[in-house]
Structure formats: structure tokens, C-alpha cells
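Below are the chains, spelled out letter by letter.
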Amino acid sequence: DPDWVPALRIASGVVTNRGGRTCHAAIVSRELGVPCIVGAKDATEKLKTGEHYTIDCSNGSTGFVYPGDSKIERTSVCLLSIPKTKTEIKLILGDPDAALSLSGLPVAGVGLVRQEFVVANHIGVHPKAVLHPELVSPEDREIITERAKNDPSPKAWFTRRLSEGIGSIAAAFYPRPVLVRLSDFKSNEYRRLVGGENFEPDEENPMLGLRGASRYLSPEFKDAFELECEALSHVRNEMGLKNVELMVPFCRTPEEGKEVINILNANGLVKGKDGLKVWVMCELPSNIFAIDEFAKVFDGFSIGSNDLTQLVLGVDRDSGLLADLFDEDNTAVKEAITQ
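Model, not experiment: these values are computed from the prediction.

Peer 1: Any details on the overall build of the protein? Residues and values, ideally.
Peer 2: When its secondary structure is counted, the protein shows 16 helices and ten strands. C-alpha atoms of the protein, sized along the principal axes, occupy 55 × 50 × 45 Å. When the 339 residues of the protein are sorted by exposure, 44% land in the buried category. As displayed, the protein offers around 17800 Å² of accessible surface, 52% of which is attributable to carbon and sulfur atoms.

Peer 1: Requested: an account of the pairing of strand E8 (residues 244-248), with residues and values cited.
Peer 2: E8 sits mainly inside the fold: five of its five residues count as buried. Side chains of E8 alternate between two faces, with Val244, Leu246 and Val248 and Glu245 and Met247 buried alike. With four bridges joining them, strand E7 (residues 178-181) and E8 adopt parallel strand pairing. Along E8, the bridge assignment pairs valine 180 with leucine 246. Pairing geometry for E8 and strand E9 (residues 278-282), over three bridges, is parallel. Looking at the pairing, leucine 246 lines up with valine 278 of E9. Following the backbone out of E8, through helix H12 (residues 254-266) and into the adjacent parallel E9, one traces a crossover that is right-handed.

Peer 1: Can you tell me about the side chain of serine 163, naming the residues and giving the values?
Peer 2: Along the chain, the position of serine 163 falls in helix H8 (residues 154-173). Among the residues examined, serine 163 registers a relative accessible area of 5% and is labelled buried. A polar contact is formed between the side chain of serine 163 and the backbone oxygen of arginine 160, at a distance of 3.0 Å. If we skip the residues at most four places from it in the chain, serine 163 touches Ala231, His234, Val235 and Met239.

Peer 1: Tell me about the packing of aromatic side chains, and please be specific about residues and values.
Peer 2: Per the counting criterion, the structure on display carries four aromatic pairs. The interplanar angle of 15 degrees and the centroid separation of 6.3 Å between the aromatic rings of phenylalanine 64 and tyrosine 66 together place this pair among those described as stacked. Three or more aromatic residues joined by ring pairs form one cluster here, namely Phe185, Tyr190 and Phe221.

Peer 1: Pulling in residues and values, what's your account of the nonpolar core?
Peer 2: Phe173, Phe225, Leu246, Val248, Leu264 and Phe298 are the most contacted members of the largest nonpolar core, which totals 58 residues. Among the nonpolar cores identified, the runner-up in size contains ten residues, and Ala26, Val34, Val38 and Phe117 belong to it.

Peer 1: How would you sum up the sheet that holds E9? Please name residues and give values.
Peer 2: Strands sit in the order E5-E6-E7-E8-E9-E10 across an open sheet of six strands; the sheet is parallel. Looking at the sheet topology across the chains shown, the edges are occupied by strand E5 (91-93) and strand E10 (300-303). In this sheet, adjacent strand axes meet at a mean angle of 30 degrees when their direction is disregarded. The sheet contact formed by E9 and E10 spans four bridges and is parallel. Paired with tryptophan 279 across the bridge in E10 is glycine 300.

Peer 1: An account of H8 is requested, with residue identities and associated values reported.
Peer 2: If you check H8, its first and last C-alpha atoms are 29 Å apart, about what 20 residues at 1.5 Å a residue would give, namely 28 Å. Residues Trp157, Phe158, Thr159, Leu162, Ser163, Gly165, Ile166, Gly167, Ile169, Ala170, Ala172 and Phe173 constitute the buried set of H8.

Peer 1: So what's going on with the environment of valine 248? Which residues, and what values?
Peer 2: Along the chain, the position of valine 248 falls in strand E8. Separated by 36 residues in the primary sequence, valine 248 and glycine 212 have C-alpha atoms spaced 7.0 Å apart. Other than its neighbours up to four places away in sequence, valine 248 contacts Leu182, Ala213, Tyr216, Val260, Val278, Trp279, Val280, Met281 and Phe298.

Peer 1: Mind laying out the side chain of glutamate 116, listing which residues take part and the relevant values?
Peer 2: For glutamate 116, the position within the fold is in helix H5 (residues 115-122). Judged by relative accessible area, which is 4%, glutamate 116 ranks as buried. Discounting chain neighbours no more than four positions away, the residues touching glutamate 116 are Arg181, Leu182, Ser183, Asp184 and Phe185.

Peer 1: Provide a residue-level description of H5, including the pertinent values.
Peer 2: Helical geometry: 3.6 residues make up each α-helical turn, so side chains three or four residues apart lie on a common side. Of all eight residues in H5, seven are buried, a share of seventy percent or more. The complete set of buried residues in H5 reads Gln115, Glu116, Phe117, Val118, Val119, Ala120 and His122. After H5 finishes, the residue glycine 124 shows a positive phi value of roughly 75 degrees.

Peer 1: Lay out the pattern of salt bridges with the relevant residues and their values.
Peer 2: What the rule picks out here adds up to 18 salt bridges. Residue aspartate 223 pairs with lysine 128 through a salt bridge whose shortest N-O separation is 3.0 Å. With aspartate 223 in helix H11 (residues 222-238) and lysine 128 in helix H6 (residues 127-131), this residue pair connects regions lying 95 residues apart in the sequence. In this structure, the salt-bridge partner of aspartate 151 is arginine 160, at a minimum N-O distance of 2.7 Å.

Peer 1: Go over a nonpolar patch on the surface with me, naming the residues and quoting the values.
Peer 2: The grouping of Val77, Leu79 and Ile82 at the surface amounts to a nonpolar patch, some 260 Å² of accessible area in total. Relative to the helices and strands, leucine 79 resides in the loop between strand E4 (64-67) and E5.

About the criteria used
- Residues numbered from 1 in each chain as written.
- Predicted model: local features only at pLDDT ≥ 70, side-chain atom pairs only at ≥ 80, totals over all residues.
- Heavy atoms only, no water.
- Helix = DSSP H or I, 4+ residues; strand = E, 2+ residues; numbered from the N terminus.
- Buried < 20%, exposed > 50% of the residue type's maximum accessible area, 1.4 Å probe, protein only.
- Areas by Shrake-Rupley, 256 points an atom, 1.4 Å probe, with all protein chains shown as cover.
- Pairing = 2+ DSSP bridges.
- Right-handed = clockwise from strand over helix to strand, strands pointing away.
- Polar contact = N/O pair within 3.5 Å; in protein donor to acceptor, adjacent residues only side chain to side chain.
- Contact = heavy atoms within 4.5 Å.
- Phe/Tyr/Trp six-rings, centres within 6.5 Å; stacked < 30°, edge-to-face > 60°.
- Core = buried A, V, L, I, M, F, W, Y, C linked by side-chain atoms within 4.5 Å.
- Axes fitted to C-alpha atoms, helices over the stretch in contact; angles between N-to-C directions.
- Expected span 1.5 Å × (residues − 1).
- Salt bridge = Lys/Arg side-chain N within 4 Å of Asp/Glu carboxyl O.
- Patch = residues over 30% accessible without salt bridge, like charges linked within 9 Å, V, L, I, M, F, W, Y side chains within 5 Å.

This is the structure:
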């Protein structure tokens, strides 16, 4: 729920009963630099309000909660002393407010900007709701009207907020490349945005449903995707931040990829023009088995280990019940990545 993000920003740590290491709470906490332990089952029963606890997330994939205030040793590292690596190190970032402070790190740029995080945390409204405010409830319409009161229209407000969010990250790291992944909300996540319940299907398994490239191409959502394209085109073509590159998530077939490229081209994001590169997330078995065909469509690949692990092992990555089976180091997953 985006409404919880302000609370997360000031929290010392997060402990949840449910969820896996790649669930939304875990990802948002990592983005904000907040220690987080998920899937603790009965944590809310054992941890008591008013008591002090120490959360330890320094030991790999397993977190620990200790009673009281533990002594913590802090070590300062001079960034100038960090040696350069053969493989370029880039950040994963979705919080525009953190971009400027992180831009001083000795990194080669940003390897993943989760655009949906910018939408959730800096806009909080479903894109279809700003395009069709007449279809949402009076309560949601009032919220949208209040947020967009200083802009010509709700649509103009949405594109401004999105372009400012992406632009803040791109400007902070300029001229280093910033790879923006197009929105990858699942239908259940979109429903949580203001006005979302009016436009989203109630899917049995959103992880395998209307997401990624398939969503951009669906007649019901195409105009919302074009709204995102308008904002990204503004960042590159009006703000002049040509270091922004794009990445298509959850692209099931090369044919889908070609159609998405066509929509990008038609909306001012012409692949190859002014150095614009369009990548694809390599996170589906089909991306691996048909990699030569995908390579004809896109400029490069970025391995999405979360979804790839989920689909290779058949493990719902959001399930706390199967968290022990979700293992990126599994032999089958590593073999898939090797391919």
C-alpha cells in the first residue's frame, strides 16, 4: 500500500508475518535502506509494543531479531579507496528523493529504475483514473482533483510527476546511463492505487497475468502505457536527459517485443535515435530458449533473477510458505542464467 511508504521512511526496521524475500515490502524497504525481515509468521504476537528490539539483516538471507538495544560497531570506508572492478557496478533505484545523495557513489550509473515505484510513491493514482476520472468513485475523483489542482488536467499532473521523478534520477547521475524499466505492476498492485479497483481485473494469479509487455499491448491499457511514454519522451527530448535508456519487462515473445517497440517509436521514443537503447528483462524461460530471436529485437538483456527463479522452480516468490525453496543459487536457476 503506497500510503505506508511515509511510515517506512522513518521506521528503524520492518518485521512482517508474511511474504518472501522478493515481496513488495522487502523490495520497498531495500529501496529506502530500511532493515527488513519478512515471513516471520508470528512476529506480531511475540514482539510487544513499547519494547526495544535489534533487527540484524547482516547475515545473508536469514534475519534475526534480538531483545533490547544491541551494541553495533560502525566502520567508515573511504570511497576513493574502493578498487575498480572489471564488471561495471550500477545501482538499483526507485526513489527520486535518494538519487542525489547516491549519485556520489563510485558507480557506473543506474542499472534498474523501477518505474512503478515512482508511480506508487510519487503519484499514487492509477493512470487510467487520470485519463477517465468520470469512471472512478466520487471519493477517488476528489482525491485526484485535489492532487492535480495546480495542473491543467489530471493527465498533465500525472505526466509531470512521472517525468520529474524519472528526470530527478537521470539528472543526478548524468551523463552516466540510467536504465528505466517500464512499469511492471501486477493487477493486484495496480488495484491498490487510487481509482485502481475500477480498471483492474481480479486475477487468480497476477504474477502470471496481465503484466509487462502484454499489458502495454492490451486494448484496455494501451492508452495508459502511452501516458507513460509521453512522460519518458519529455525526459529525453525536452529535459535533454539522453542518458535515459528503456527496458521492457516480462516480454513473453519476440513478437510482443516488436509491437512494444512500435508503440515506443510512435510516441517519441524511437529506438536508436539520439542513442536510445531499448533493453529487455531476461526473466522468462522463453527469453532464454529464444534468446537469438529476442536479440534481433532489443539492444541488450538484463537478467531478472527474481522472476526467473520463480518460473524455473515453480515457486510463488511472494509466498512465505515456500520462502525456503526460493533460491537463486539453485543449480537449475544458475544453469538457466549460464545459458
